[in-house]
Amino acid sequence: MRESRWWLISLGAAALMAVLLTVHMGLMHLTGLLRAAGVDLGDVRSFAAVTARGRSAAQLVFYLLFLAAALYHGLYGLRSVLLEVTPPRAQGLLAGLVLLAGLVAFAYGAYVTVRTFTG
Amino acid sequence: MRSAEAVRLHTPRRRLGVRGWVYAGRYGLDRYLYVLQRVSGLGLVLYLFLHIYETGVRLRGEVAWTATMALFRHPVFVFLEFVVFAGFVYHALNGLRLIVAELGWLLGAPARPVYPYRSSLRRHRPWVYALMLLTGVLLALAAADIFALPG
């Protein structure tokens, strides 16, 4: 695939992340403001709340999409930065290592998400 | 033929290396926004990997999870949470601005280059100020929540 396509996918992932990450950050890190606005979510980081959320099919889809988009966008950006200081001969190796890191992180993150969903 | 000294003086420095990432030269504000976009992006990638590992703690049971969450209530981690939030807000808003500019929107209509020139960067500048203002407002709200309001 041409480099411009990978770049376009990264832009698409960024747009998706802008929505998913805003929801995630708002619900996980701004609970005090939400409570002040009349929306009390309780202790969203308690074990009971985390496992209850994890058993929802909507959350499963949300977090798998989130994980894929975040890893793709983040590692595409990291690769672009590192390519600037990598000699041409080593650029293929660099791309391979970044891809490997992304696949391992996605596999682990997806495993945790699916294991929480299935209980 | 020019002297070696004249050639050296008139040849642009090609290899600034990593210093070139933070050297704005005559590009000013937009260059610093670009540097901050990179720094925040690299920080968020690092945090992403730590966050993926940390979410896996839940598989080790309630005791391990509760101990990890108690650790994150330490003031150092609370401050780092704000730093991550700030990085996210800036990176997301500036990134959306860059995508919009990349698509050719909000740059103004093409015009003849009549002196004094007004570049698309300058026509776009009000959006940069609006972005900074919005970032500041969101960070003030986040600071109030993370440091002052009970979670």
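Higher on the page you've got the structure.
Conventions adopted
- Residues numbered from 1 in each chain as written.
- Chains lettered and ligands numbered in written order.
- Predicted model: local features only at pLDDT ≥ 70, side-chain atom pairs only at ≥ 80, totals over all residues.
- Helix = DSSP H or I, 4+ residues; strand = E, 2+ residues; numbered from the N terminus.
- Buried ≥ 20, exposed ≤ 12 C-beta atoms within 10 Å, placed from the backbone.
- Rg over C-alpha atoms; globule rule 2.2 N^0.38 Å.
- Contact = placed C-beta atoms within 7 Å.
- Axes fitted to C-alpha atoms, helices over the stretch in contact; angles between N-to-C directions.
- Left-handed = near helix turned anticlockwise from the far one by under 90°.
- Nonpolar A, V, L, I, M, F, W, Y, C, P; charged D, E, K, R; others polar.
- Bend = angle between axes of the 7 residues up to and from the residue.
- Core = buried A, V, L, I, M, F, W, Y, C linked by C-beta atoms within 7 Å.
- Parallel < 35°, antiparallel > 145°, perpendicular 65-115°, else oblique.
- Expected span 1.5 Å × (residues − 1).

Caption draft 1: Molecular detail of the overall build of chain B. Tallying secondary structure elements over chain B gives six helices and zero strands in all. In sequence order, the secondary structure elements of chain B are arranged as α-α-α-α-α-α. Looking at the 151 residues of chain B, the share that counts as buried comes to 11%.

Caption draft 2: Representation of the overall build of chain A in the model. Across its full length, chain A carries five helices and zero strands. Of the regular secondary structure in chain A, the N- to C-terminal order runs α-α-α-α-α. Taken over C-alpha atoms, the radius of gyration comes to 18 Å for chain A, far larger than the 14 Å a tight globule of 119 residues would show. Over its C-alpha atoms, taken along the principal directions, chain A stretches across nearly 55 × 30 × 20 Å. Within chain A, contacts between residues at least 6 apart in sequence are counted, and of these 67% link residues at least 24 apart.

Caption draft 3: The arrangement of the interface of chain B and chain A in detail. Taken residue by residue, the interface counts 31 residues in chain B and 28 residues in chain A. At the level of secondary structure, the elements contributing two or more residues to the side of chain B that touches chain A comprise α3 (29–55), α4 (62–71), α5 (75–102) and α6 (120–148) of chain B. With nine residues, α3(B) is the largest single contributor of residues to the side of chain B that touches chain A.

Caption draft 4: Quick peek at the packing of helix α5 (residues 91–118) of chain A against α3(B). Put simply, α5(A) and α3(B) touch, their axes get as near as 9 Å, and they point 35° apart. Our pair here, α5(A) against α3(B), has a crossing hand that is left-handed. Contact residues: A:A105, A:Y108, A:G109 and A:V112 in α5(A); B:F49, B:I52 and B:T55 in α3(B). Residue classes in the contact of α5(A) with α3(B) are distributed as five nonpolar, two polar and no charged.

Caption draft 5: Representation of the environment of B:L138 within the structure. Here B:L138 is to be found in helix α6. A count of 18 C-beta atoms within 10 Å places B:L138 in the partly exposed class.

Caption draft 6: Structural detail: helix α1 (residues 3–29) of chain A. Of all the bends in α1(A), the greatest, near 30°, is centred on A:M17. Considered for burial, the residues of α1(A) that qualify are A:A13, A:A14, A:M17 and A:H29.

Caption draft 7: Structural detail: the nonpolar core. Residues and elements named next belong to chain A. Residues A13, A14, M17, Y63, F66, L67, A69, A70, L71, Y72 and L75 constitute the largest nonpolar core, which totals eleven residues. Per element, the largest residue contribution to this core is eight residues, and it comes from helix α4 (residues 57–83). Non-local contacts of Y72, meaning those with residues more than four positions away in its chain, are made with I9, S10 and A13.

Caption draft 8: Up close: the packing of α1(A) against α4(A). Residues and elements named next belong to chain A. The interhelical angle for the contact between α1 and α4, taken along N-to-C directions, is 130°, at an axis separation of 8 Å. Relative to α4, α1 is oriented oblique. In the packing of α1 onto α4, the handedness of the crossing is left-handed. Contacts between α1 and α4 involve W6, I9, S10, A13, A14, L16, M17, L20 and H24 from the first element and F62, L65, F66, A69, A70, Y72, H73 and Y76 from the second. Tallied by class, the residues present in the contact of α1 with α4 amount to 14 nonpolar, three polar and no charged.

Caption draft 9: Structural view of unusual backbone geometry. Residue B:P116 is reached from B:Y115 by a cis peptide bond, and omega for that bond is 0°. Among the structural elements, B:P116 can be located in the loop between α5 and α6.

Caption draft 10: Local environment of the environment of A:G119. Positionally, A:G119 belongs in the segment after α5. C-alpha of A:G119 to C-alpha of A:A52: the two residues are 67 residues apart in sequence and 9.7 Å apart in space.

Caption draft 11: Summary view of α6(B). Taking 1.5 Å per residue, 29 residues should reach 42 Å; α6(B) reaches 42 Å between its end C-alpha atoms and fits that length. Within α6(B), the axis deviates most sharply at B:P126, by approximately 35°.

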